[in-house]
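# Residue-level structure breakdown
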Amino acid sequence: MTQSPAVRTTGRSGPVRIGERAARTLVAELARINDAKAALLVGVTPDSAVLAAAVEALLPGDRLTVVPAEPFGAAALREHVTAQGRWVADRVSVVDSLAEAEAAGVVIAGEVFAGTAEATRSGIDGLSKYLTDGAVLSVATVAAPGRTEGAAAELARQDALYGVGADLVLRNSPPVRVYRLRFTPASPATADSLAPAYRPSSVPLTRGMHIDSNGVAAAGIALGLAALARVTRPSSKLWLLPALAAGPVAAFFRDPERDVPEDPSAVVASADGKVLSVQRLHDERFGDGEWLRIAVFLSVLDVHVNRSPVAGKVVDYFVADGGFVNAMKPDAEHNVAAYTVLDTARGTVVVAQRTGLIARRIVQRAPIGALLARGERFGLIRFGSRTDVYLPAEAADPLVGPGDKVIGGSTVIARWR
């Protein structure tokens, strides 16, 4: 059997297991496409979690081509696929080598890249030949902070040039980082057919409630301080302060699931909170013409995860310097803010994540080139803050007013004409 370029060139420093969570992250791009698509999965065994996740993500009109990992042959994979039943067998085909595969809209490397930089570059080049225009290549490597050579460094370089999203999966042994690479531009209209992508940046507590990884880290720091105080001052009750604060701090970063309206004309709230203002204005930073700006204030009790109000492609991102006044005051529009500019089928849309009196940290996870579905998570702001949505005034009508309470990803704040 001819070995695939992805397996032949990546090299191995030992077996690296891809668990269920990392597998879901690898196939996230496949799972979010609602239209019929062709996908290519390279380098898997019958018991691969990546194969199981890819099969689970398939829709009736999809086609999945699978290339076996060395030294496993195609026969064992075909037997495994057949055993899954007629529905799977009709949609999944197994080929002997990558050379027999056809180009696809999503290509997934089923094995972790763990070789040299040169081998990794060669493997990426070999897989990228099978991408259709605007398609995404999903690959993983062992998470290695501070590494300056090898697969980790090469994939970080590829990500800087072609990345449209990256996720760190800590709940894997060892932890891995998943990269999504796009080498040719995708049409903004493609985002209209996408569902919000699965991301491992939140830790599930229940089916409907998660805690963002920032909350897990913050709670961990609080508990660490409590333990330190307990050890250094055993006779003091001071350790109770950080210990009791861990729960509320984690709760601040809660990330609930939301039902996103399917109406293509709907513009949804980018965050939970209270509408401060609905204004028509001009802002030359985003182009000529009049803008409809809907500003929402987030109190410390609101969910602070931000969601895309529309489906679109991230074409720009910049941070404007400013102050840190109370986010409820009019002067808050001059606070430090991060602007995410989306190109959509109906024109340019901008989301501004503004700091407040307490909020000083903005997290934005959607790089330029990324496609966002309506209601998809793309970042958060720590503690009280404000989020503004800018829409082309001639193309949208507001459906909310000052004082209205909105829910991020669910409340329809405007409608396209």
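Details of the structure are given in the entry above.
Residues numbered from 1 in each chain as written. Predicted model: local features only at pLDDT ≥ 70, side-chain atom pairs only at ≥ 80, totals over all residues. Heavy atoms only, no water.

The peptide bond linking S173 to P174 adopts the cis configuration, its omega dihedral lying at 0°. Along the chain, P174 falls in the loop between β6 (163-169) and β7 (176-181). (Helix = DSSP H or I, 4+ residues; strand = E, 2+ residues; numbered from the N terminus.)

Here the focus is a nonpolar patch on the surface. A grouping of I221, L225 and L228 is seen on the molecular surface, where their side chains present a nonpolar patch of about 310 Å² in accessible area. In this fold, L225 is placed in helix α9 (residues 213-232). (Patch = residues over 30% accessible without salt bridge, like charges linked within 9 Å, V, L, I, M, F, W, Y side chains within 5 Å. Areas by Shrake-Rupley, 256 points an atom, 1.4 Å probe, with all protein chains shown as cover. Salt bridge = Lys/Arg side-chain N within 4 Å of Asp/Glu carboxyl O.)

Applying the stated rule across the entire model yields 7 aromatic pairs. Ring geometry for F286 against Y390: centres 5.0 Å apart, planes inclined by 65°, an arrangement best described as edge-to-face. With F286 in the loop between β12 (273-282) and β13 (290-298) and Y390 in strand β21 (residues 385-392), the pair connects residues that are 104 residues apart, well separated along the chain. Feature note: the residues F286, W291, F318, Y339 and Y390 constitute an aromatic cluster, connected by ring pairs. Its end group placed over the ring of Y198, R24 keeps NZ or CZ at 3.8 Å from the ring centre. (Phe/Tyr/Trp six-rings, centres within 6.5 Å; stacked < 30°, edge-to-face > 60°. Lys NZ or Arg CZ within 6 Å of the ring centre and 35° of its normal.)

Contact geometry for helix α7 (residues 117-128) and helix α8 (residues 150-162): axes closest at 7 Å, N-to-C directions at 45°. Classified by the angle their axes make, α7 and α8 are oblique. Relative to α8, the crossing made by α7 is right-handed. Residue-level contacts link A117, T120, R121 and I124 of α7 to G150, A151, E154, L155, R157 and Q158 of α8. Considering only residue class, the contact of α7 with α8 consists of 4 nonpolar, 3 polar and 3 charged. (Axes fitted to C-alpha atoms, helices over the stretch in contact; angles between N-to-C directions. Parallel < 35°, antiparallel > 145°, perpendicular 65-115°, else oblique. Left-handed = near helix turned anticlockwise from the far one by under 90°. Contact = heavy atoms within 4.5 Å. Nonpolar A, V, L, I, M, F, W, Y, C, P; charged D, E, K, R; others polar.)

Attention now goes to the sheet that holds β6. One open sheet holds the 7 strands; their spatial order is β3-β2-β1-β4-β5-β7-β6, and the pairing between them is mixed. The sheet is open, and its two borders are formed by β3 (92-94) and β6, each paired with just one other strand. Strand-to-strand twist of the sheet, defined as the mean angle between neighbouring strand axes without regard to direction, takes the value 15°. Where β6 and β7 come together, 5 bridges link them in antiparallel fashion. Note on β7: the bridge partner recorded for V169 is V176. In the packing of helix α4 (residues 49-57) onto the sheet, the strands contacted are β1 (38-44), β2 (63-68), β3 and β4 (104-109), and the crossing angle to β1 comes to about 165°. Those strands touched by α7 are β1, β4, β5 (131-142) and β7, and its axis lies near 150° from that of β5. (Pairing = 2+ DSSP bridges.)

On to the packing of α9 against helix α10 (residues 240-252). Taken N-terminus to C-terminus, the directions of α9 and α10 make an angle of 175°; their axes are 8 Å apart at the nearest point. When the axes of α9 and α10 are compared, the pair comes out roughly antiparallel. Between α9 and α10, the residues in contact are G215, A218, A219, A222, L223, L225 and A226 and P242, A243, A246, V249 and A250, respectively. Per-class residue counts for the contact of α9 with α10 are 11 nonpolar, 1 polar and no charged.

In terms of nonpolar packing, the biggest core is built from 38 residues, with L41, V50, L64, V66, V92 and I108 touching the most fellow members. Considering every element that reaches this core, the biggest residue donor is α4, with 6 residues. Here L41 is in contact with V50, L51, A54, L64, T65, V66, V67, I108 and G110, once residues within four sequence places are set aside. I294, V351, A393 and A395 belong to the second largest nonpolar core, which has 29 residues in total. (Core = buried A, V, L, I, M, F, W, Y, C linked by side-chain atoms within 4.5 Å. Buried < 20%, exposed > 50% of the residue type's maximum accessible area, 1.4 Å probe, protein only.)

As summarised here, the arrangement of the 3 strands in space is β8-β9-β10, forming an open sheet in which the pairing is antiparallel. This sheet does not close on itself; its edge strands, each paired only once, are β8 (202-204) and β10 (254-256). Pairs of neighbouring strands in the sheet enclose a mean axial angle of 35°, with direction left out of account. Strand direction decides the pairing type here: β8 and strand β9 (residues 209-212), joined by 3 bridges, are antiparallel. Looking at β9, one finds that S202 is bridged to D212. Together, β8 and β9 form the strand contacts of α9, whose direction differs from that of β9 by roughly 65°.

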